[in-house]
Amino acid sequence: AVERHIGCSSVISNEFLLGVALFNLMENAIDFCAPVAPYVKITTLRTNEGFVLRVEDNGHGIRAELMDRIFEMYY
């Protein structure tokens, strides 16, 4: 199941790069969902600082010892 909560109607961004980022987040969320009752939740909202895009799934998550490396290229 995919659940959406869209809190803004437009964003000024590089459309290609935002699309790549969203595709990668969605692909990862779908690949690592729990095998029973899987879900992916997409939430957006506008804040005073800008725009927040959140992709959540019910997979097993990332081990604590790997959290410092998740933004390394190709990790």
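Since the structure is predicted, the reported quantities are computational estimates derived from the model, not experimental observations.

Draft legend 1. Region of interest: the overall build of the chain. In terms of helices and strands, the chain carries 1 helix and 3 strands. For the chain, the sequential pattern of α-helices and β-strands runs β-α-β-β. Relative to its 75 residues, the chain shows a buried fraction of 12%. Here the contacts in the chain between residues at least 6 apart in sequence split such that 56% fall between residues at least 24 apart.

Draft legend 2. Broad picture of the pattern of salt bridges. Taken as a whole and assessed by the stated rule, the structure comprises 3 salt bridges. Here Arg54 makes a salt bridge to Glu56, at a shortest N to O gap of 3.7 Å. Since its relative accessible area comes to 25%, Glu56 is described here as partly exposed. In this structure, Glu65 engages Arg63 in a salt bridge whose closest nitrogen and oxygen atoms are separated by 2.8 Å. Here Glu65 falls in the exposed class, since its relative accessible area comes to 57%.

Thresholds applied
Residues numbered from 1 in each chain as written. Predicted model: local features only at pLDDT ≥ 70, side-chain atom pairs only at ≥ 80, totals over all residues. Heavy atoms only, no water. Helix = DSSP H or I, 4+ residues; strand = E, 2+ residues; numbered from the N terminus. Buried < 20%, exposed > 50% of the residue type's maximum accessible area, 1.4 Å probe, protein only. Contact = heavy atoms within 4.5 Å. Salt bridge = Lys/Arg side-chain N within 4 Å of Asp/Glu carboxyl O.

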